[in-house]
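# Architecture and fold: a report
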Amino acid sequence: MITNFIKHKVRPDDNLSSIAARINISEKDLKEFHNQHCGKMDKLFVTNLKGIEFVLIPIHFISEEEKKIEQQKLLPSTYYFPKFHFDTYSVEENFEQSEIENLKFNYKINLNIREEKENIIAETHIKDVTKNNQILDNKISSLSLKCMESLYPISYKISLNGKIKSFFKHQSLIKKFKAKRNDIEDFFVGDISKKYLITFEENISDETYFFRQMQSNILYQILFPNLEWFHKKSTWKEKFYIQINSFPLEFSFQTEQLFEDSEFVETTVKGTLLEKCSLREFLKGNRIENENEDFENSINAEIQIKYLTHKTTKQLHEIKSSVNIWYQNELFQKHQLQITQN
C-alpha cells in the first residue's frame, strides 16, 4: 500500500459505502486504510459516519486481491520457456543415514535447452563429480561414472509444464555407449567389470527401465519441476520419487511464497507422505504383497523444496531441497540437495 492520502470532509449525505464506491475500493479496504493512518483522529467502526468529521482517502491504493494478482505476475509462467534455466548449475548433494557414513557429492550440471520442431529438448551433462571432496577412486564407482559419461549429453523431451517426460532419441544413447565400450573395457579389466558393462548395456537398452531410473532421481524432479507448483493456491496430491529407481509415493503438497526481496521470489513447496510404504519396500524399491498391513513397519516422509526465481526474468537461480524419512519415530535418512546457478 502507498500511504499518500487526502482528508475528505464528510458531507451530510456521505456514508462509508458511498465514499468507497466513488473511489472504487471496498468498504472494508477504506475502513482499514483510514484506521491504519488516522492517528489520533476518530476511527471508523460503523458505516453511517455519524460524528466523523474527516475520512482519509488513499490517492493510490492496491487492494489485497490486486496485490496478489501483481505478485502472480512475478512468478514463472505455468508453461515452460527455454530461458527458465541457466546453462550451468553447481550441485551439492548430502546423504545422512543412521549407522552409515555421511556422503557428500559435488558436481556440475550443464544444460542446453533448445526447441526442435514442436519439442523442447533439454541436453544434460553431469561432470566434475567428487565424493567427500575427493575424486572417485573406487573401481566400481569409477566404472559407473565412466559408463554414464559415455552417454552424455543425455537429451530429454520437456513437457509443457516443465517436467521431463521422455528421452529424446533413446537409441542414440545405446550407440554412444557401444562406440566407447571397447575403450572402457581396455581400462577396466576383469570379470567384475565385464559383468557390470553387460548389465549396464542391458539397462540402458530397456528404455522404460532406464528412463524410470533417471526420472526417479530427485535432482531431475526438482530441477525440472511442474511449473504449476508455483501457482498453487491450495493443497494438492501428487506422486513423487524419494528413492532412485524405485516407485513413486503419493504426497500432500502445499506452496508458500515470499516476495519481500527486491530481486527474487522464494517459493517453498512442502510435501507430507500420505501413502503407506514399509521400510523394506523403501530399501528394495518394489512393492511387497501384504506388506502394508502392519502400520508399525511404515515409514514417514517429508519433502521441502525452496526455489529462488528472478522477479523480472523469471529464471531459476537456486534450489534447496531436503527429503527426511523417519522409521519408528526416529530419523532414518536425510537427503539434501543445493543447486546454484554459476
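Residues numbered from 1 in each chain as written. Predicted model: local features only at pLDDT ≥ 70, side-chain atom pairs only at ≥ 80, totals over all residues. Heavy atoms only, no water.

### Points about the pairing of strand 2 (residues 54-58)
Most of strand 2 is tucked away: 4 of the 5 residues are buried. Sheet analysis places strand 1 (residues 5-9) next to strand 2, joined by 5 bridges and oriented antiparallel. Among the inter-strand pairings, His 8 is bridged to a residue of strand 2, identified as Val 55. (Buried < 20%, exposed > 50% of the residue type's maximum accessible area, 1.4 Å probe, protein only. Helix = DSSP H or I, 4+ residues; strand = E, 2+ residues; numbered from the N terminus. Pairing = 2+ DSSP bridges.)

### Comments concerning the packing of aromatic side chains
Counted under the stated rule, the structure contains 19 aromatic pairs. When the centroid spacing of 6.1 Å and the interplanar angle of 75 degrees are considered together, the rings of Tyr 80 and Phe 84 count as edge-to-face. Comparing Tyr 80 with Phe 84, the two get one shared label, buried. Three or more aromatic residues link up through ring pairs in this structure, and these residues are Tyr 156, Phe 167, Phe 210, Phe 211 and Tyr 220. When the ring centre of Phe 54 is taken as reference, the NZ or CZ atom of Lys 7 above it lies at 4.6 Å. The ring of Phe 54 carries the charged tip of Lys 9 above its face, separated from the ring centre by 5.5 Å. (Phe/Tyr/Trp six-rings, centres within 6.5 Å; stacked < 30°, edge-to-face > 60°. Lys NZ or Arg CZ within 6 Å of the ring centre and 35° of its normal.)

### As for the packing of helix 5 (residues 170-187) against helix 6 (residues 191-205)
At their nearest, the axes of helix 5 and helix 6 sit 10 Å apart, and the two run at 170 degrees to each other. Between helix 5 and helix 6, the angle is such that the two are roughly antiparallel. For the pair helix 5 and helix 6, the contacting residues are His 170, Leu 173, Ile 174, Phe 177, Lys 178, Arg 181, Ile 184 and Glu 185 in the first and Lys 194, Leu 197, Ile 198, Phe 200, Glu 201, Ile 204 and Ser 205 in the second. Of the residues that constitute the contact of helix 5 with helix 6, the class distribution is 8 nonpolar, 2 polar and 5 charged. (Axes fitted to C-alpha atoms, helices over the stretch in contact; angles between N-to-C directions. Parallel < 35°, antiparallel > 145°, perpendicular 65-115°, else oblique. Contact = heavy atoms within 4.5 Å. Nonpolar A, V, L, I, M, F, W, Y, C, P; charged D, E, K, R; others polar.)

### Points about the pattern of salt bridges
The tally for this structure, following the rule as stated, stands at 15 salt bridges. Between Arg 11 and Asp 14 there is a salt bridge whose closest N-O contact spans 3.8 Å. Its relative accessible area of 41% is what places Arg 11 among the partly exposed residues. As a salt-bridge pair, Lys 239 and Glu 275 come within 3.1 Å of each other at their nearest N and O atoms. (Salt bridge = Lys/Arg side-chain N within 4 Å of Asp/Glu carboxyl O.)

### Brief notes about the nonpolar core
Nonpolar side chains tend toward joint burial in soluble globular proteins. Counting 70 residues, the largest nonpolar core has Phe 240 and Ile 242 as the members making the most contacts within it. The residues touching Phe 240, leaving out its near neighbours within four places in the chain, are Ile 218, Gln 221, Ile 222, Trp 229, Pro 248, Leu 249, Phe 251, Phe 253, Ile 303 and Ile 305. Counting 15 residues, the second-largest nonpolar core is a separate cluster that includes Ile 19, Ala 20, Ile 25 and Leu 30. (Core = buried A, V, L, I, M, F, W, Y, C linked by side-chain atoms within 4.5 Å.)

### What about the packing of helix 6 against helix 7 (residues 207-215)?
When two helices pack together, you describe them by how their axes are tilted relative to each other and by the distance separating the axes. Interhelical geometry of helix 6 versus helix 7 gives an angle of 95 degrees and a closest axis separation of 5 Å. Of the possible angle classes, the one that applies to helix 6 and helix 7 is roughly perpendicular. From helix 6, Asn 203, Ile 204 and Ser 205 reach across to helix 7, where they touch Glu 207, Tyr 209 and Phe 210. Of the residues that constitute the contact of helix 6 with helix 7, the class distribution is 3 nonpolar, 2 polar and 1 charged.

### Regarding unusual backbone geometry
With an omega of -5 degrees, the peptide bond between Tyr 152 and Pro 153 qualifies as cis. One can find Pro 153 in the loop between helix 4 (139-151) and strand 7 (154-158). Not every positive phi belongs to a glycine, and Leu 49 is a case in point at roughly 60 degrees. Position of Leu 49 relative to the elements: it lies in the loop between helix 2 (27-37) and strand 2. Not every positive phi belongs to a glycine, and Lys 314 is a case in point at roughly 70 degrees.

### Section: helix 5
With 18 residues, helix 5 should cover 26 Å at 1.5 Å per step; its first-to-last C-alpha distance of 26 Å lies within 8% of that length. Its axis deflected by about 45 degrees at Arg 181, helix 5 carries its strongest bend there. Regarding helix 5, the residues found buried are His 170, Leu 173, Ile 174, Phe 177, Arg 181 and Ile 184. If you follow the buried residues of helix 5, they end up packed against helix 4, strand 7, strand 8 (164-167), helix 6 and helix 7. (Expected span 1.5 Å × (residues − 1). Bend = angle between axes of the 7 residues up to and from the residue.)

### What about the environment of Asn 119?
With respect to the helices and strands, the residue Asn 119 is situated in strand 5 (residues 119-131). Looking at Asn 119, the relative accessible area reads 23%, which means it is partly exposed. In this structure Asn 119 touches Arg 114 and Lys 157, once residues within four positions along its chain are discounted.

### Description of the environment of Glu 185
Secondary-structure assignment places Glu 185 in helix 5. Separated by 144 residues in the primary sequence, Glu 185 and Asn 329 place their C-alpha atoms 47 Å from one another.

### Points about the environment of Thr 268
Here Thr 268 is to be found in strand 11 (residues 264-273). Note: C-alpha distance between Thr 268 and Glu 53 (215 residues apart in sequence) is 46 Å. With sequence-adjacent residues up to four places away left out, Thr 268 is seen in contact with Gln 254, Thr 255, Glu 256, Gln 304, Ile 305 and Lys 306.

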